[in-house]
Amino acid sequence: MFTPQGRRLTRRLLVAAGVAALTALSTVPAQAADIPAPGEIVKSANIEHVRNVPRPAELTDIHTDMAFQGDYAYVGNYSGFSIYDIRRPNRTTPVSSLVCPGGQMDVSVYGNLLFGAVDSSRSDDSCQSTAQPASNKDSWEGVRIFDISDKKNPKYIKSVETNCGSHTLTLVPGKGRDRRNVYVYVSSYNPSATFPDCQPPHDLISIIKVPLRNPTAAAVVATPNLFPDGGNPGDGLPYPERTSATSGCHDITAYPEKNIAAGACMGEGILMDISDPVSPKVTATVRDDENFAFWHSATFNNEGTKVVFTDELGGGTQATCNEAIGPNRGANAYFDIVGGQLVFKSYFKIARHQADTENCVAHNGSLIPVKGKDIMVQAWYQGGISVVDFTDSANPKEIAYFERGPDDTAPALSGGHWSAYYYNGYIYGSDFNLGLDILKINDPRTRSAQHVRFDILNAQTQASYRERGHGHH
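Please read all numbers here as calculations on a predicted model, not as lab measurements. (Residues numbered from 1 in each chain as written. Predicted model: local features only at pLDDT ≥ 70, side-chain atom pairs only at ≥ 80, totals over all residues. Heavy atoms only, no water.)

(A) Spotlight on the overall build of the protein. From N to C terminus, the protein includes one helix and 32 strands. For 473 residues, the compact-globule formula gives about 23 Å, and the C-alpha radius of gyration of the protein, at 21 Å, lands near that figure. Looking at the protein as a whole, 60% of its 473 residues are labelled buried. Long-range pairs, those at least 24 residues apart, make up 58% of the contacts in the protein between residues at least 6 apart in sequence. (Helix = DSSP H or I, 4+ residues; strand = E, 2+ residues; numbered from the N terminus. Rg over C-alpha atoms; globule rule 2.2 N^0.38 Å. Buried < 20%, exposed > 50% of the residue type's maximum accessible area, 1.4 Å probe, protein only. Contact = heavy atoms within 4.5 Å.)

(B) Up close: the state of the cysteines. In this structure the tally under the stated criterion is four disulfides. Across a sulfur-sulfur distance of 2.0 Å, C321 and C360 are joined as a disulfide pair. Every disulfide takes its handedness from the sign of the S-S torsion; for C321 and C360 that torsion is -75 degrees, giving left-handed. Taken together, the positions of C321 in the loop between β20 (306-311) and β21 (332-338) and C360 in the loop between β22 (341-348) and β23 (365-368) put the pair 39 residues apart, joining distant regions of the chain. A residue is classified by how much of its surface remains accessible, and C321, at 2% relative accessible area, is buried. For C360, a relative accessible area of 0% puts it in the buried group. Bonded cysteines in the protein are paired 1-2, 3-4, 5-6, 7-8 when counted in the order they occur along the chain. (Disulfide = S-S within 2.5 Å.)

(C) Representation of the pattern of salt bridges in the model. For the structure on display, the rule yields 10 salt bridges. Between R87 and D71 there is a salt bridge, and its shortest N-O distance comes to 3.3 Å. Placement of R87 in the loop between β5 (80-85) and β6 (93-99) and of D71 in the loop between β3 (63-69) and β4 (72-77) is noted, with a sequence separation of 16 residues between them. The structure contains a network of salt bridges with shared partners spanning D71, D85 and R87. (Salt bridge = Lys/Arg side-chain N within 4 Å of Asp/Glu carboxyl O.)

(D) Seen up close, the sheet that holds strand β14 (residues 219-222). An order of β11-β12-β13-β14 is seen for the four strands of this open sheet, with the pairing classed as antiparallel. The sheet is open, and its two borders are formed by β11 (168-173) and β14, each paired with just one other strand. Going across the sheet, the axis of each strand differs from the next one's by a mean of 35 degrees, ignoring polarity. Both strand β12 (residues 181-187) and strand β13 (residues 206-211) contribute to a ladder of six bridges, which runs antiparallel. Bridging from a neighbouring strand, V186 pairs with S206 of β13. (Pairing = 2+ DSSP bridges. Axes fitted to C-alpha atoms, helices over the stretch in contact; angles between N-to-C directions.)

(E) Geometry of the nonpolar core. By size, the foremost hydrophobic cluster in this structure holds 30 residues, and its most contacted members are M66, F68, Y84, I86, Y423, Y428 and L436. Of all the secondary structure elements, the ones that give two or more residues to this core are β3, β4, β27 (417-423), β28 (426-431) and β29 (435-441). Apart from the residues lying within four places of it in its own chain, the contact partners of F68 are A73, Y74, I86, V109, Y421, Y423, Y428, I456 and L457. Within the second largest apolar cluster, 18 residues are counted, among which are I47, I385, V387 and I427. (Core = buried A, V, L, I, M, F, W, Y, C linked by side-chain atoms within 4.5 Å.)

(F) Examining the environment of A254 more closely. Mapped onto the elements, A254 comes out in strand β15 (residues 251-255). On a C-alpha basis, the gap between A254 and R445 in space is 26 Å, while along the polypeptide they are 191 residues apart. In this view, A254 contacts T170, L171, V172, I260, A261, I274, Q460, T461 and Q462; residues no more than four positions away in its chain are not counted.

(G) Spotlight on the pairing of β5. Counting buried positions along β5 yields six of six residues, so the element is predominantly enclosed. Burial of β5 is two-sided: the residues G80, S82 and Y84 facing one way and the residues F81, I83 and D85 facing the other way are all buried. Two elements, β4 and β5, share six bridges in a ladder whose sense is antiparallel. Bridge pairing in β5 links N77 to G80. Linking β4 to β5, which pair antiparallel, is a turn of two residues. The pairing of β5 with β6 spans six bridges and is classified as antiparallel. Considered in β6, the bridge of S82 is made with S97.

(H) Representation of the environment of G116 in the model. Tracing the backbone through its elements, the reader meets G116 in strand β8 (residues 113-122). Note: C-alpha distance between G116 and G304 (188 residues apart in sequence) is 27 Å. Setting aside anything within four residues of it in sequence, one finds G116 in contact with M105, D106, G142, V143, R144 and L169.

(I) Expanded view of the side chain of T64. One can find T64 in strand β3. Of the polar contacts made by the side chain of T64, one reaches the backbone nitrogen of N77; its length is 3.5 Å. With residues near it in sequence (within four places) discarded, T64 still touches G76, N77, Y78, Q104, M105, W418, S419 and S430. (Polar contact = N/O pair within 3.5 Å; in protein donor to acceptor, adjacent residues only side chain to side chain.)

(J) Examining the environment of K345 more closely. Within the fold, K345 resides in strand β22. On the accessibility criterion, K345 (35% relative accessible area) is partly exposed. Taking the C-alpha atoms as reference points, K345 and R329, separated by 16 residues in sequence, lie 15 Å from one another. Leaving out residues up to four positions away in the same chain, K345 has contacts with Y334, D336, S393 and A394.

(K) Here's a closer look at unusual backbone geometry. The step from G103 to Q104 runs through a cis peptide bond, and the omega angle for that step is 0 degrees. Along the chain, the position of Q104 falls in strand β7 (residues 104-110). Each neighbour pair has its own omega, and for P200 with P201 the value is 10 degrees, a cis peptide bond. Structurally, P201 can be placed in the loop between β12 and β13. One non-glycine residue, C164, lies in the positive phi region at around 70 degrees. Turning to its location among the elements, C164 is positioned in the loop between β10 (155-161) and β11. Not every positive phi belongs to a glycine, and H202 is a case in point at roughly 50 degrees.

Structure follows, in structure tokens:
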């Protein structure tokens, strides 16, 4: 595990143009020497920056999460979403953007459908809606469904209102006789007695059933209570010491082939049995009131024997990659699944300290499909993109990274990579303000992943992979 003392003064050697900038490093305080100039790219030698596609002008807010299908990438934005042609990743080009405000527009795709999460209380469900307080009974928030069969002209076809909106969403395809349906697990939180449609304790998720042949019939079919005991009460202390109380989940990652899901649920992490998709059952729970402030997201390894949970200390708007916070908070936590229970193994946090103007914390990532290894690429906001080998879950090791110096194109603490996912040979990074980055990792440890091809990637709906050929989907 990396520690702050492991900061490397050589990191500025690997700038975008490959120019070494050694002058007077030895006489500058270590931390100052470690922070690149605004916008300057620093990276490990085994990562290539292939392309940056600026954020479309019509989408005036920040980029968020991504999904992939075939030759297309779908990138969410608080203002709507964009579709990109990635047939030739080094020539990635925008195909269309749809303006439809309503944060945070977490996206998943399935067939000709795109699902967008709206956790912003709106005047109505339309793309012309404006912000309106959740205390108003007439306000709307939830899930929007779009028909993306025409990539140049996606169409909004259906909305489904959910309790407390939809901060994130996760697809669980039906199986067997149920295969003509897909289920959407909706995670939301922050209830209030003043919100008519979001009353406490809100210890639930909403499950939407979408008939693929008639998606406009989509409707909420279940609202299972995952925390009948109320979940973690939290500790009530101010940032950064506080541990969040649980009032729902922030995000869920499903592994449908194995009938399991992992929930990152504010004050705790959970494992679920999803063999009946409308009736998930919590089978294990873990808490970390010492080092975890907010259980944010989860990733299984390919075998489904480990879970990586992330802690979004400071909500993604604070500088937490520094000496004061240390290596165990705002980090990943690695758990082995042993006898159905979650067994803690270690923490990992990027070792590169960031400036006080840089929001930096563990955020969204996905596996790089290397047979026999557990390797994950992950976004850290302004900490950039990191690739970590956690095959030995007690000793995770970073093997590659890419980042920029502080983003001075936007207000402080409001930039960096929201998500970083590996799809069919390339890493795609969704940057708040700077658009879509395409990277390529050139490393013997990940080379076999080049032979794995997926037809679809929703990072929160994991599918297994083999070393060669197609992944399951």
